[in-house]
Amino acid sequence: MDGLAGYVVRRLLFLPVVLLVVSFGTFFITRWGPGDPISIYSGQYRDPEAFARVRHTYGLDKPIIVQYGIWLKDIALHGDFGVSFRYRDRTIPEIIGPKIWVSVRLGAYAFILTFLLGIPIGIYAAVKQGTWLDPFLISVFLFFQSIPVLVTVPVLVILLAVKVHWVPPGGFDGIFSRSMIIPTLALGLPGVAGVARLARATTLGALHEDFVRTARAKGLDEFTVITRHVARNAVAPVMTTVIGLSLVGLIEGALITETLLGIPGIGEYTFQSVNAKDYNVILVIVLLITFAFVLANLLVDLVLVAIDPRARLAGGGGP
Amino acid sequence: MSNKLVLGAGAVAAVLIIGLAVILFVVAGSGGSSGTPAATSSGATPASTVSGTPAAGDLRVRASDPLFLDPAVAQDADSAGYIVEIFSGLVRLDKNLKIQPDLAERWDLSPDGKTYTFHLNPKAAFQDGRPVTAGDVKYSWERALNPDTASVTAENFLGDIVGAKDVANGTTKQLSGVKVIDDQTLQVAIDAPKSYFLYKLTYPNAFVVDQKQIAANPRRWTLKPNGTGPYMLKEWKLGDRLVLQANEHFYLGAPKLKTVTFLLSGGSSLTTYQDGGIDVTGVGLADLASVQDPSSPLNKQYHKADNAAIDYIGFNTNAPPFDDPKVRQAFAMAVDRKKIASVVLHGAIPAATGIIPPGVPGYTPDDKTLPYDPAKAKQLLGQSKYAGKMPQITLAETGAGGSIADATQAIVQGWKQNLGVDVKVQQADAATFFQDIDQGKYQMFHLGWIMDYPDPEDILDVLFYSKSRQNSSHYNNPQVDAKLLQARTEADPNKRIALYQDIEKMLIQDAPWMPLFFETSYYLVKPYVSGYELPPMVIEHYRNVTVNHP
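Here's what I pulled together on the structure shown here.

Conventions used here
- Residues numbered from 1 in each chain as written.
- Chains lettered and ligands numbered in written order.
- Predicted model: local features only at pLDDT ≥ 70, side-chain atom pairs only at ≥ 80, totals over all residues.
- Heavy atoms only, no water.
- Helix = DSSP H or I, 4+ residues; strand = E, 2+ residues; numbered from the N terminus.
- Areas by Shrake-Rupley, 256 points an atom, 1.4 Å probe, with all protein chains shown as cover.
- Lys, Arg positive; Asp, Glu negative; His and termini not counted.
- Charge placed at Lys NZ, Arg CZ, Asp CG, Glu CD.
- Buried < 20%, exposed > 50% of the residue type's maximum accessible area, 1.4 Å probe, protein only.
- Contact = heavy atoms within 4.5 Å.
- Buried area = accessible area lost by both parts, 1.4 Å probe.
- Salt bridge = Lys/Arg side-chain N within 4 Å of Asp/Glu carboxyl O.
- Polar contact = N/O pair within 3.5 Å; in protein donor to acceptor, adjacent residues only side chain to side chain.
- Axes fitted to C-alpha atoms, helices over the stretch in contact; angles between N-to-C directions.
- Parallel < 35°, antiparallel > 145°, perpendicular 65-115°, else oblique.
- Left-handed = near helix turned anticlockwise from the far one by under 90°.
- Nonpolar A, V, L, I, M, F, W, Y, C, P; charged D, E, K, R; others polar.
- Phe/Tyr/Trp six-rings, centres within 6.5 Å; stacked < 30°, edge-to-face > 60°.
- Expected span 1.5 Å × (residues − 1).
- Pairing = 2+ DSSP bridges.
- Patch = residues over 30% accessible without salt bridge, like charges linked within 9 Å, V, L, I, M, F, W, Y side chains within 5 Å.

1. As for the overall build of chain A
Looking only at helices and strands, one finds twelve helices and zero strands in chain A. Its helices and strands in sequence order give chain A the pattern α-α-α-α-α-α-α-α-α-α-α-α, from N to C terminus. With respect to the principal axes defined by its C-alpha atoms, chain A has extents near 85 × 60 × 25 Å. Accessible surface, chain A as shown: approximately 14800 Å² in total, 71% of it carbon and sulfur. Distance between charge centroids for chain A: 4 Å, based on 26 positive and 21 negative side chains.

Here's what the structure looks like:
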């Protein structure tokens, strides 16, 4: 597989270029607008002289292009991504690390929910092809997919927290607590339809394979045929494809869900950092997301090739 | 296909979903309001859930992360709330906002009112046991003013000390006005006999820090600060929890309350309180009515506290049409603030009676503001130079998302109804908002002011003196300036307060501000907690609390 390895290396070599371009853009956009982290955290104190002194201490009075150069140099020489203007006594990885961990576990819950619902529903819909149940089931979950989380979250809060008090209306009481139910539903349900449709398609394919006919011919009952022979062959491609594709949706969803529910994950912290104009933290987060997207795209491309040999590897180009 | 398959797939899904639910519910441990007796040892690390078993002598509250635990740079109420527990200064405020000895057990003032001699409490010590010396105080102040420390506010609080400006500018590192006489004695020279100087020393920026610790670990010492206050920082997990532990050797006596656990994740504080996850909580306006309902079980647990803070609309006295005092007066008189307070704010937040907020000397409860008088307001507007040619007017406030507070809407409605003037409301993010205020870009703005120390100078002088850096309304009145300068150094406390009350009257008449409301806090305290009182300003207040969980 020399061609494939070369392809992966070429794609990965392109990554630093993407990160550099994104960092340049983010650096300029965040520092261009009005205000700065100093004046924001100063709140009711507005002493232009003191602001100027503090800006000078942090080098924020230099031209943006010079600041960008210093930022790059510090990364290259010291691996230092700069200070956070909010929690000056911690490094940026120390600040965002625990928040990413919260989001990763929340994302894992959402994935589990998506697959636990999506795969059985997809298989069942395939088995019921031609009856009203097939389009009905898929449509129900397409409905959830169509509603933005901005709407899902408040509706779930009203239903589960305000009306029946099953779960707290927000907040975060640890990853193993009732407060994770609403975010898990909000992040997990929209993906169900996609998984179900893929699982339905792969199941339909598998249903007409020779080995299925053989299994039936052996006299196995239909349940065993589906679970043992069809499902096993239908599920694997779904898993790999969807994990890559839903990463994008999860990051977007987490930003809104975490902010609305007050979950101290990376989504909520991104929102806070943008509000506080915590330049260096915003940069690191944007670069991490970029990194994740590039890798996810690469993964999806590779999986698609593995599943369908007809898909061609794009030569050397962009991600 | 077969029915078996339906059952089978359903069963698999059900088992898996139940499995997920089990992870969520059961592993979470004891949930909720069962109120198990506090039999567990307090040494065990609490599980990362708010509804764990409460420990005796531990108070649990919901709060926000401190931005800074370095007293020199802290300037926000969230940070100050922790700093006043972990650190201390020469003097402190008691709950009645009177100056009390702290690291200094007594002090003398020279006859000219310009030199303070502080005598340190011989028992005063850092939390690691090292005694606090006069040199530590001098170091702490020089460090706070040093530009490398990057404090935005230190000069506000230490700037009266002779030589402070030179340290702040980076000209020197030595604070010339501060002399170490011996380990226990510190002499401080200020630039004029300002009686409010001691108040400024109660602010975190003037607190004492450990030179040795900072020298050893300049960037990260605040993660385990060696303070002088009644509580030590035991644990701080960003966005999760912060735990303070009693400093048993505190020089003013060991705290009764052994630990304070601050839960830092967001969410509904009131719900957590009702579930038994925290012991005290603030109550927002939206929940106030249900808490005040006499039939509510929460009613007996509810308390009220005045904050030394005011909400106001500031007029830019340089910008048309508010450069004409008649227009400012007309706008102030066209809004029925008392009605808004009682109807829109459900009587929870009182209309301001003047500019000086409650708790601050010079405050009086009688209403001194311009009365609500629509006829007079219309008449004043007719006499103004903008009569019949009123420019487009915009009110700026912080906020986003276009949902404008009910109170603001009611105010704008008052202007439309009584003056026939349409005022647009413009929301801006904090950065843009403050920058545009400073540059005089807004005609008027909605803002609040929280007192940093209980002296009228901290509002009247800081916000209305023509040369003040925080004079947001760009107000310039030579008569007011003269009186402000006189009040700064007036030696007789009664005369001084009377001067400020005069200034307040002049300001209300000339109307660079339309005072709106005095801020008020509502909070709930569990019946098993005693001695908890929310102070009107950020001051140390956990030491004497006792918690006896049922």
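2. Overview of the overall build of chain B
If you tally the helices and strands in chain B, you get 17 helices and 18 strands. Expressed as a percentage of its 550 residues, the buried residues of chain B come to 56%. In chain B, the share of contacts with a sequence separation of at least 24, taken over all contacts with a separation of at least 6, comes to 67%. For chain B, the computed accessible surface area is about 22200 Å², with 54% contributed by carbon and sulfur atoms.

3. Regarding the interface of chain B and chain A
Of the residues lining the interface, 67 residues belong to chain B; the matching set on chain A comes to 57 residues. With both sides pooled, the region where chain B packs onto chain A buries about 5600 Å², and carbon together with sulfur makes up 60% of that total. Between chain B and chain A we count four salt bridges in total. Here chain B is connected to chain A by eleven residue pairs in polar contact (both at pLDDT 80 or more).

4. Looking at the packing of helix H15 (residues 457-464) of chain B against helix H17 (residues 493-510) of chain B
Residue and element names in this part refer to chain B. At a minimum axis distance of 11 Å, the contact between H15 and H17 shows a crossing angle of 50°. What the angle tells us is that H15 and H17 run oblique. For the pair H15 and H17, the crossing hand works out as left-handed. Touching Glu457, Leu460 and Phe464 of H15 are Arg496, Tyr500, Ile503, Glu504 and Leu507, all from H17. When its residues are assigned to classes, the contact of H15 with H17 shows five nonpolar, no polar and three charged.

5. Things to note about the packing of aromatic side chains
Throughout the structure, instances matching the rule amount to 38 aromatic pairs over all chains. Pairing Tyr82(B) with Phe262(B) gives two aromatic rings, centres 4.7 Å apart and planes at 65°, and the pair type is edge-to-face. Here Phe262(B) lies in strand S10 (residues 259-263) and Tyr82(B) lies in helix H2 (residues 77-86), a separation of 180 residues in the sequence. By relative accessible area, which is 2% here, Tyr82(B) ends up buried. For Phe262(B), a relative accessible area of 3% puts it in the buried group. Aromatic pair Phe322(B) and Phe331(B): ring centres 5.0 Å apart, planes at 85°, arrangement edge-to-face. When sorted by exposure, Phe322(B) lands in the same class as Phe331(B), which is buried. Grouping aromatic residues by their ring pairs yields a cluster made of Phe24(A), Phe27(A), Phe28(A), Trp32(A), Tyr68(A), Trp71(A) and Phe81(A).

6. Notes on helix H5 (residues 92-127) of chain A
End to end, H5(A) covers 51 Å across 36 residues, agreeing with the expected 52 Å (1.5 Å per residue, within 8%). Along H5(A), 26 of the 36 residues are buried, which leaves the element largely enclosed by surrounding structure.

7. Describing the sheet that holds strand S4 (residues 104-109) of chain B
Residues and elements named next belong to chain B. Read from one edge of the open sheet, four strands run S4-S5-S7-S6, paired in antiparallel fashion. The open sheet has two edge strands with one neighbour each: S4 and strand S6 (178-182). The mean angle between the axes of side-by-side strands here comes to 20°, regardless of whether they run parallel or antiparallel. Taken together, the five bridges between S4 and strand S5 (residues 115-120) define a ladder with antiparallel strand orientation. Bridge pairing links Leu109 to Tyr116 in S5. Packing of helix H3 (residues 134-145) onto the sheet brings it into contact with S5, S6 and strand S7 (185-189), and relative to S6 it is tilted by some 165°.

8. Observations regarding the side chain of Asp461(B)
Residue and element names in this part refer to chain B. Within the fold, Asp461 resides in helix H15. Residue Asp461 is classed as buried on the basis of its relative accessible area, which comes to 3%. Not counting chain neighbours up to four residues away, the residues in contact with Asp461 comprise Pro456, Ser468, Leu484 and Arg488.

9. Section: the side chain of Asp436(B)
In this structure, Asp436(B) sits in helix H14 (residues 430-438). The residues contacting Asp436(B), other than those within four sequence positions of it, are Lys441(B) and Tyr442(B).

10. Quick notes on a nonpolar patch on the surface
Residue and element names in this part refer to chain A. Nonpolar side chains collect at one region of the surface, where Leu150, Val151, Val155, Leu159 and Leu260 lie side by side and expose about 420 Å² of accessible area between them. Element by element, the count of residues in the nonpolar patch is highest for helix H7 (residues 149-163), at four residues. One can find Leu150 in helix H7.

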